[in-house]
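# Breakdown of the fold
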Amino acid sequence: LATHPGNPITACRVSGKFAFIELRSKEETANALNLNNIPYLGAQLRVGRPSKYVGAQTPHGNWEDILAKYMSGELKLPSQGGAPAAAPAPAPAANTGVLTRVVELKNMLTMDELTSDQDYEEIMEDTKE
């Protein structure tokens, strides 16, 4: 996802079963859009622009397209000698044979958001949905 060092996500807001994120560059946005239809918890995750988006469109694929290009050798990761393109394929997950429902979310909150008991309870409620 990232084309530069550091976290590419500049803002994130979770609302019910939706999450809205802002990314720091057009290239990283295209990379995130490539995750559309990626399998997640037994369903296909929908990743797309807001319905009222009016900015310039950036070329991107979806998970099936990117994975097929990677598996056929047409697309290589930078660590495999490929060029860091605007929309590189994410590395396929290692198949350990064990299915889990664990998701690690980093940098989702600030310390200010944890100071209020009410805010904390709302955050806990939202993440359990």
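Within the sequence span of helix H2 (residues 63-72), burial applies to Trp-63, Ile-66 and Tyr-70. With its buried residues spanning 75° around the axis, H2 presents them on a single face. Among the exposed residues of H2, those pointing more than 90 degrees away from its buried face are Met-71 and Ser-72. Tucked inside the fold, the buried residues of H2 contact strand E3 (38-40). The N-terminus of H2 is capped by Asn-62, whose side-chain oxygen sits 3.0 Å from the backbone nitrogen of Glu-64. Gly-73 lies just past H2 and shows a positive phi near 90°.

This part covers the pairing of strand E1 (residues 9-15). Bridge count between E1 and strand E2 (residues 18-23): 6 bridges; the pairing is antiparallel. Counterpart to Ile-9 in the pairing with E2 is Leu-23. Hairpin remark: E1 followed by E2, antiparallel, with 2 residues in the connecting loop; positive phi at Gly-16, about 65°.

A few words now on the confidence of the model for the chain. Low-pLDDT stretches of the model should not have their predicted coordinates read in fine detail. Of all residues in the chain, 71% attain a pLDDT of 70 or more, and the chain-wide mean is 77. Note on residues 85-93: pLDDT is under 50 here. Beyond four places in sequence and across chains, it has 22 contacts.

Moving on, we get to the environment of Arg-46. As for its placement among the helices and strands, Arg-46 is situated in the loop between strand E4 (43-45) and H2. Looking at Arg-46, the relative accessible area reads 76%, which means it is exposed. With 16 residues separating them in the primary sequence, Arg-46 and Asn-62 have C-alpha atoms 9.8 Å apart.

Applying the stated rule across the entire model yields 0 aromatic pairs. Above the face of the Tyr-53 ring, Arg-49 is positioned so that its terminal group lies 4.3 Å from the ring centre.

With that settled, the discussion passes to a nonpolar patch on the surface. Among the surface-exposed residues, Tyr-40, Leu-41 and Leu-45 lie close enough to one another that they form a single nonpolar patch of about 250 Å² accessible area. Mapped onto the fold, Leu-45 is located in strand E4.

What counts and what doesn't
- Residues numbered from 1 in each chain as written.
- Predicted model: local features only at pLDDT ≥ 70, side-chain atom pairs only at ≥ 80, totals over all residues.
- Heavy atoms only, no water.
- Buried < 20%, exposed > 50% of the residue type's maximum accessible area, 1.4 Å probe, protein only.
- Helix = DSSP H or I, 4+ residues; strand = E, 2+ residues; numbered from the N terminus.
- Arc of directions from axis to C-beta.
- Contact = heavy atoms within 4.5 Å.
- Polar contact = N/O pair within 3.5 Å; in protein donor to acceptor, adjacent residues only side chain to side chain.
- Pairing = 2+ DSSP bridges.
- pLDDT = per-residue confidence, 0-100.
- Phe/Tyr/Trp six-rings, centres within 6.5 Å; stacked < 30°, edge-to-face > 60°.
- Lys NZ or Arg CZ within 6 Å of the ring centre and 35° of its normal.
- Patch = residues over 30% accessible without salt bridge, like charges linked within 9 Å, V, L, I, M, F, W, Y side chains within 5 Å.
- Areas by Shrake-Rupley, 256 points an atom, 1.4 Å probe, with all protein chains shown as cover.
- Salt bridge = Lys/Arg side-chain N within 4 Å of Asp/Glu carboxyl O.

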